[in-house]
Every structure is written in structure tokens, then in C-alpha cells.
Amino acid sequence: MKGVEQQFLLAEDTEIWGYGDICGDTSTDEGGQGGTECTEIELEDAAKKGFSAEVVSSKGIATTIRDDH
């Protein structure tokens, strides 16, 4: 839900995709194409600043994170 802070766990195989907020740039296609694969460190740095993202999870563990620019 937009505007709601949520906590989730990461796994070693969690996919983290940036479109300008986590990493990468805003010129990539937001339809899931393009994007830049981000690191956990980039995710942590972005989380300190705050950003909106789509998180797909299974049993409380994120499988995919995409920033919602």
C-alpha cells in the first residue's frame, strides 16, 4: 500500500531492481523491462532516505523488490 511503511526480510536470492530510486536511472522502462539490478548495500542506502517500492514476498521474505518511481 502506498504511503505505508512495511518491513520485510531479504534472502540471498532476492532480486532488487532499480529504476532511479534504489539504483539505476529513471530513463528505464517501468514496465519491468530495463532497470538495473541493485545490491543490498544500495537498497540499504536508499531505505535510509526513504522510497516507494513494489515488494513481492513469500512467507514474509521478499523475492523481488522494484522501486516505484
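Residues numbered from 1 in each chain as written. Predicted model: local features only at pLDDT ≥ 70, side-chain atom pairs only at ≥ 80, totals over all residues. Heavy atoms only, no water.

## Regarding the environment of valine 56
In step 1: With respect to the helices and strands, valine 56 occurs in strand E3 (residues 53-58).
In step 2: Overall, valine 56 belongs to the partly exposed group, its relative accessible area being 36%.
In step 3: For the pair valine 56 and glutamate 15, spaced 41 residues apart in sequence, the C-alpha separation works out to 9.7 Å.
In step 4: Excluding its chain neighbours within four sequence positions, the residues that come into contact with valine 56 are Ile61, Ala62, Thr63 and Thr64. (Helix = DSSP H or I, 4+ residues; strand = E, 2+ residues; numbered from the N terminus. Buried < 20%, exposed > 50% of the residue type's maximum accessible area, 1.4 Å probe, protein only. Contact = heavy atoms within 4.5 Å.)

## A few points about the sheet that holds E3
In step 1: Pairing in this open sheet of four strands is mixed, and the strands run E2-E1-E4-E3 from one edge to the other. Each edge of the open sheet carries a strand with a single partner, namely strand E2 (36-37) and E3.
In step 2: Those strands touched by helix H1 (residues 40-49) are strand E1 (9-18), E2 and strand E4 (61-67), and its axis lies near 75° from that of E1. (Pairing = 2+ DSSP bridges. Axes fitted to C-alpha atoms, helices over the stretch in contact; angles between N-to-C directions.)

## Things to note about the state of the cysteines
In step 1: Applying the stated criterion across every chain, the model contains one disulfide.
In step 2: Cysteine 23 shares a disulfide with cysteine 38; S-S distance 1.9 Å. Here the disulfide of cysteine 23 and cysteine 38 is left-handed, its torsion about the S-S bond being about -85°. Of this pair, cysteine 23 sits in the loop between E1 and E2 while cysteine 38 sits in the loop between E2 and H1; the two residues are 15 residues apart in sequence, bridging distant segments of the chain. A single burial state applies to cysteine 23 and to cysteine 38, both of which are buried. (Disulfide = S-S within 2.5 Å.)

## Considerations on the pairing of E3
In step 1: Across six bridges, E3 lies against E4 in antiparallel orientation. Opposite glutamate 54, over in E4, you have arginine 66 as the bridge partner.
In step 2: Counting the residues in the hairpin turn of E3 and E4 gives two residues, including lysine 59, whose phi is positive at 55°.

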